[in-house]
Amino acid sequence: MNHLPSKTKLFCSLHKPISRKRAAEQNCLSLLQLCNSLPKLLQLQSHIFKLGLQNNPLVLTKFTSISSDLNAITYASSFIFSTYVEPHFFDVFLFNTIIRSYAVTSDLKHNALCLYGKMLSYGIWPNKFTYPFVLKACAGIGELKLGQIVHGSVVKLGFHDDSHVLNTMVHMYCSCGGGVEYGRKVFDEMPNWNSVGWSAMIGGYVRWGLSSEAVELFREMQVARVAPDEVTMVCLLSACTDLGALELGKWLEAYIERENVPKSAVLWNALIDMFAKCGDVDKALSLFRSMSQRNIVSWTSVIDGMAMHGRGAEAVSLFEEMKKDGVVPDDVSFIGLLTACSHSGLVEQGKGYFYSMTKEFGISPKIEHYGCMVDLLCRAGLVQEALDFVQRMPIKPNPVIWRTLITACRAHGELKLGEKITKELIKHEPTHDSNYVLLSNIYAKMFSWEKTTMIREVMVKKGMRKVPGSTMIELYNEIYEFVAGDKSHSDYKIIFQMVDDIGKEISRAGYIASTSEVLLDIDEEDKEGALNRHSEKLAIAFALMKTPPGTPIRIVKNLRVCEDCHSATKFISKTYKREILVRDRNRFHRFIDGVCSCKDFW
DNA sequence: CTAGGGTTAG
C-alpha cells in the first residue's frame, strides 16, 4: 500500500520532462511549418535553442526542409553542423534531407557531394533514398568521375536493382562525360524498365543532339509495350523541335489527347515550342491562347516563335500583353524580344527595350543581350554604329559578336573592315573553322581569288573542314537528310537532273546564280555546278518530285541559308507555285510567289 | 525522405 504513491511519483518524475519535451517539439514543428521567410526562420532558430531542441533530429530535419524551401539551405546546414556536434546524433534521414535540398538547388549541387562524403566519413551508411539525390547532383555538375565511384558503391551496397537508383544512374551518365554510351549500357542492363528509365535515356539522346536516335528508341519503347508518360512526351517533343519533324509532333499531340496524358505547363510549353519551331507558329499561338496557367516560359516560347517567323510586331505586342498580365519579364524573355526587333528591323524599339531592361526591371544585360543589339544594328546596315557599340560595351565581346559584325561587313560592303576584324579573330581563335570560311567569303566578295585559294589551303593544311550543310525534309512519315553533293540517295541521279531542270526553268524567269559563296564547299565540281548541289536545292527538288502540285514544302537546314539558295528558292516558289518554308539555323523563311518573309533581311 | 522534362544572341 505504501508503495503505490511513490510508484506514481516515480512514474511522473520519469515522464513529465519527456512529455514537456514532446510538447515543445510539437510546438516547434508546427511553428516551422508556418515559417515563410528567412527572418522568421532566424527567430525560430533562437527559439530552438531556448527550448534546448538543437539536438532534436525531428526538429532539425524539419528546419532543413523549410530552409530549403526558403533557399536558405546553406544557412541551415551550417547551423546544423555548428549545433549538432555529436556525430552519433546524425542519422541517414537528416543527411538525405540536406543532400536533397542541395541537389535540387542549381548552384549548390557541389555541396550535396561534399555532404555525401562527410556522411561516409562519419560512418553513416547511405540508403536507397540517398543515391538518387547524390546521382542527381553528379548529373547537375557533370561529375562523371565521382558518378562512377558512386556507381561502385551502389553495386557494393546492393542497390543496383532499385529502379529509382538505376534510372537516375542512366540520367547521370547521359548528363556527364562525352556521350550517352555509359548511360545506354546501364539502360540496356536494367532488369525492370519503366517509363522513367526510357525517358531518361530518350532525354539523354535529345540532350546530345541525337534526336533521330531518340525517336528510334521511342519506337523500341512501343515495341516493348511500355506506356510513355508526360515526361516521355516532353522529351520526344524536344526531339521533334530539333528535327523540325512537324508530322511526328502532330502525332504526339494526337497521342496526348487520345491517351489523356496529363498536360502540365511544361508539356504545354513543349508543344508550343515544337509547333513554333516546326513552322506552324499560328498553331503555337492558338495553343498558347487556350492555356489556362501560362508562365514566363510559355510567353517566351511564343514570343520567340513570332521572332523566328519575322513577325516582330506581334512579338512586341505579346511582350506588352505579358507585362499587363503581371508576368515579370526575365533575362531569357528579353533575348526573344530583342531578337524579334532585330529580325523585323525595329531598331528604335529594340534600343528602347534594351535600356528598359536595366532601368525598369533591374536585369543587367548578359553577353547574349549585347549580341542581340549588335545584330539589331548590323541587320539594319548600321555597321559603324554596331562597331561603336561593341567598343563601348562593358563586357568583353566574344567571338560570336565578332562573327556577327563580320557577316554584316560582308553583307553591307565594308569588306576592308571585315577583313581586319576577321584577321584579329583568327589570331585569337586559330582553330575555329568558321572564321576561315568567313575570311574566304570576304575575299570571294572582293574577287581576290588568290587569297581565297590561299585560305582554303591553310584550312586543308590544318586539317579543317567546313561543317557540311545538310537539309532535312519530312515526307510521308519519313525524315530524309541531304548533304551537299549527296549521292547516297538511291534516286540521286534523278534528283540531280531535277535540280538542273529547275535551274534552267528559273533562269528563264530571271534567276542569276551568285557564285561568291561557293568556294569552300566541294572540290571537283565547277562553281555553279557546286551551287546546284547545295543540300537545300536537293531537298526542294526531291519534294517537288514527290509531292502533288500546290502542296507547301517544309525543309530544315543546319546552317544559315546561303545567298544563292535564298534567291533561287524565291524563284522556285514563283515558277512552281509552291509555298516553301525553310527553317534556317537562325529563323524561318517563308517563300510565297517570289517573295521571302524575311524581306531579305537575314 | 527516392527517378526522367519546357524558353536562351549568330
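Quick caveat, the model's predicted, so the values are computed rather than measured. By convention here, each chain's residues receive numbers from 1 onward along its written sequence. Numbering of ligands from 1 and lettering of chains from A proceed in the order in which they are written. Local features are withheld for residues below a pLDDT of 70 in this predicted model, meaning they are given only at 70 or higher, and side-chain atom pairs are given and counted only at 80 or more; totals for whole chains, interfaces and linings count all residues. Only hydrogens and water are removed before side-chain values are computed, so all heavy atoms of the structure are retained for them.

Concerning the overall build of chain A
Of the regular secondary structure elements, chain A holds 30 helices and 6 strands. Principal axes of the C-alpha set define a box for chain A whose edges measure 125 × 55 × 50 Å. The rule is simple: take the accessible area with a 1.4 Å probe, protein chains only, and divide by the maximum for that residue type; under 20% is buried, over 50% is exposed, in between is partly exposed. When burial is assessed residue by residue, chain A has 49% of its 602 residues classed as buried. For chain A, the share of sequence-separated contacts (at least 6 apart) that also reach a separation of at least 24 residues comes to 64%. Here, Shrake-Rupley sampling with a 1.4 Å probe gives the accessible areas, and only protein chains in the shown set may cover a residue. Carbon and sulfur atoms provide 57% of the accessible area of chain A, an area that totals close to 29400 Å². We treat Lys and Arg as the positive residues and Asp and Glu as the negative residues; His and chain ends play no part in the count. By convention, charge coordinates are those of NZ in Lys, CZ in Arg, CG in Asp, or CD in Glu. One finds the centroid of the 70 positive side-chain charges in chain A at a distance of 6 Å from the centroid of its 66 negative side-chain charges. Secondary structure elements are taken from DSSP: a helix is a run of H or I of four residues or more, a strand is a run of E of two residues or more, and numbering for both begins at the N terminus. Contacts: residue pairs with any heavy atoms within 4.5 Å of one another.

Quick notes on the domain arrangement of chain A
When its domains are assigned, chain A resolves into domain 1 (38-192), domain 2 (398-466) and domain 3 (471-596). All domain edges in this entry derive from an automatic or database-based domain assignment. The straight-line distance from the C-alpha centre of domain 1 to that of domain 2 is 49 Å.

Observations regarding the packing of aromatic side chains
Paired rings are identified among Phe, Tyr and Trp, the last through its six-membered ring, by centres lying within 6.5 Å, and are further divided according to the angle between planes into stacked (under 30 degrees), edge-to-face (over 60) and tilted (the rest). This model, assessed by the stated rule, comprises 22 aromatic pairs. Residues Phe288 and Trp299 carry aromatic rings whose centres are separated by 4.8 Å and whose planes lie at 75 degrees to one another, so their mutual orientation is edge-to-face. Here Trp299 lies in helix 17 (residues 296-308) and Phe288 lies in helix 16 (residues 281-289), a separation of 11 residues in the sequence. Of the two residues, Phe288 and Trp299, neither departs from the other in class, the shared state being buried. For the pair Tyr492 and Phe496, a centre-to-centre distance of 5.4 Å together with 80 degrees between the ring planes defines the contact as edge-to-face. Here Tyr492 pairs with Phe496, and both are found in helix 27 (residues 492-508), just 4 residues apart, close to one helical turn. Pairwise contacts between aromatic rings join Phe319, Phe334, Tyr353 and Phe361 into one cluster. Positioned above the aromatic ring of Trp268 is the side chain of Lys263, whose terminal nitrogen or guanidinium carbon lies 4.3 Å from the ring centre. Look at NZ for Lys and CZ for Arg. If either is within 6 Å of the ring centre and within 35 degrees of the ring normal, a charge sits over the ring. Positioned above the aromatic ring of Phe288 is the side chain of Arg294, whose terminal nitrogen or guanidinium carbon lies 4.6 Å from the ring centre.

Observations regarding the packing of helix 22 (residues 383-392) against helix 23 (residues 399-411)
Interhelical geometry of helix 22 versus helix 23 gives an angle of 165 degrees and a closest axis separation of 10 Å. By the angle between their directions, the pair helix 22 and helix 23 is classed as roughly antiparallel. The two elements helix 22 and helix 23 meet at a crossing, and its hand is left-handed. Here Val383, Ala386, Leu387 and Val390 of helix 22 lie close against helix 23, whose contacting residues are Ile401, Trp402, Leu405, Ala408 and Cys409. For the contact of helix 22 with helix 23, the class distribution of residues is 9 nonpolar, no polar and no charged. Angles run from 0 to 180 degrees between N-to-C directions of axes, and those axes are lines fitted to C-alpha atoms, restricted for helices to the stretch in contact. Roughly parallel means an angle under 35 degrees; roughly antiparallel means over 145; roughly perpendicular covers 65 to 115; every other angle is labelled oblique. Crossing handedness is defined as follows: a turn of the near helix away from the far one that is anticlockwise and smaller than a right angle gives a left-handed crossing, while the clockwise case is right-handed. Any residue outside Ala, Val, Leu, Ile, Met, Phe, Trp, Tyr, Cys, Pro, Asp, Glu, Lys and Arg is labelled polar, Gly included; the first ten of those are nonpolar and the last four are charged.

Quick notes on the sheet that holds strand 6 (residues 595-596)
A pair of strands counts as paired when DSSP detects no fewer than two bridges linking them. Strand order in the open sheet formed by 6 strands is 2-1-3-4-5-6, with mixed pairing between adjacent strands. Two strands in the sheet have a free side with no partner beyond their single neighbour: strand 2 (478-483) and strand 6. Here strand 1 (residues 470-475) pairs with strand 2 via 6 bridges, running antiparallel. Across the sheet, Met472 pairs through a bridge with Glu481, a residue of strand 2.

Thoughts on the confidence of the model for chain A
On average, chain A scores 89 in pLDDT, and the residues at 70 or more come to 93%. A low-confidence stretch, residues 1-16 stays under pLDDT 50, and its non-local contacts, those more than four residues away or across chains, total 1 contact. Scored between 0 and 100, pLDDT is the confidence that the predictor attaches to each residue.

Examining helix 16
Given 3.6 residues per turn, any residue in an α-helix points the same way as the ones three and four places further on. Within the sequence span of helix 16, burial applies to Val281, Ala284, Leu285, Leu287 and Phe288. Projected down its long axis, helix 16 shows its buried positions confined to an angular sector of 160 degrees, all on one face. Where helix 16 is buried, its residues touch helix 14 (246-258), helix 15 (265-277), helix 17 and helix 18 (312-324). Each C-beta atom gives one direction from the helix axis, and the arc is the one those directions make.

Here's the deal with the pattern of salt bridges
Proximity of charged atoms lets side chains of opposite charge pair with each other. A pairing counts as a salt bridge when a side-chain nitrogen of Lys or Arg comes within 4 Å of a carboxyl oxygen of Asp or Glu. Using the criterion set out here, one finds 29 salt bridges in the structure. Of the charged contacts, one joins Glu385 and Lys351 as a salt bridge, the two residues approaching to 2.9 Å between their closest N and O atoms. Residue Glu385 is located in helix 22, and its partner Lys351 is located in helix 20 (residues 347-361); the two are separated by 34 residues in the primary sequence. Residue classification places Glu385 among the partly exposed residues on the basis of a relative accessible area of 33%. The closest approach of N and O atoms between Glu536 and Lys557, which form a salt bridge, is 3.3 Å. A residue pair is termed long-range when its members are at least 10 positions apart, and Glu536 in helix 29 (residues 535-546) and Lys557 in strand 3 (residues 553-557) qualify at 21 residues. Of the residues examined, Glu536 reaches a relative accessible area of 2% and is grouped as buried. Among the ionic contacts, a cluster of salt bridges with common partners joins Arg184, Asp188 and Glu220.

A look at the UniProt feature "repeat: PPR" (unreviewed entry) in chain A
Taking the UniProt record as the reference, the feature "repeat: PPR" (unreviewed entry) is found at residues 91-126, 194-228, 264-294 and 295-329. Secondary structure content for residues 295-329 is 74% helix and 0% strand, and the end C-alpha separation is 10 Å. UniProt positions are given in the numbering used here, feature names are shortened, and annotations may be inferred rather than shown by experiment.

Observations concerning the pairing of strand 4 (residues 580-583)
The alternating pattern of strand 4 places Ile580 and Val582 on one face and Leu581 and Arg583 on the opposite face, and all of these are buried. Both strand 3 and strand 4 contribute to a ladder of 4 bridges, which runs parallel. For Val556, the partnering residue across the bridge sits in strand 4 and is Arg583. Handedness of a crossover: with both strands directed away from the viewer, a clockwise path from the first strand across the helix to the second marks it as right-handed. Of the crossover connections in this fold, the one passing from strand 3 over helix 30 (residues 563-575) to the parallel strand 4 is right-handed.

As for unusual backbone geometry
Not every positive phi belongs to a glycine, and Asn260 is a case in point at roughly 50 degrees. Position of Asn260 relative to the elements: it lies in the loop between helix 14 and helix 15. The residue Asp593 is not glycine, and still its phi comes out positive at about 50 degrees. Position of Asp593 among the secondary structure elements: in the loop between strand 5 (588-592) and strand 6.

Section: the side chain of Thr130
Looking at the element boundaries, Thr130 is found in helix 7 (residues 130-141). For this analysis, a polar contact is any N or O atom pair within 3.5 Å, provided that within protein one partner can donate a hydrogen and the other can accept it, and provided that sequence-adjacent residues contribute only side-chain to side-chain pairs. Only 2.8 Å separates the side chain of Thr130 from the side chain of Asn96, close enough to count as a polar contact. Dropping the residues within four chain positions of it, Thr130 is found in contact with Val92, Asn96, Ile99, Tyr116 and Met119.

Description of the protein's contact with DNA strand B
As a matter of local geometry, DNA strand B sits amid 50 residues, with Asn167, Asp229, Glu230, Asn269 and Val400 nearest to it. A distance of 2.4 Å separates a base nitrogen of DNA strand B from a polar side-chain atom of Glu230. Contact distances for DNA strand B include 3.0 Å between a base nitrogen and a side-chain N or O atom of Asn398. Ranked by residues supplied to the surface near DNA strand B, first place goes to helix 21 (residues 367-379) with 6 residues. Across the surface near DNA strand B, the residue classes tally to 16 nonpolar, 22 polar and 12 charged. Nearness here has a simple test: a residue counts as near a molecule or strand if at least one of its heavy atoms is within 4 Å of that partner.

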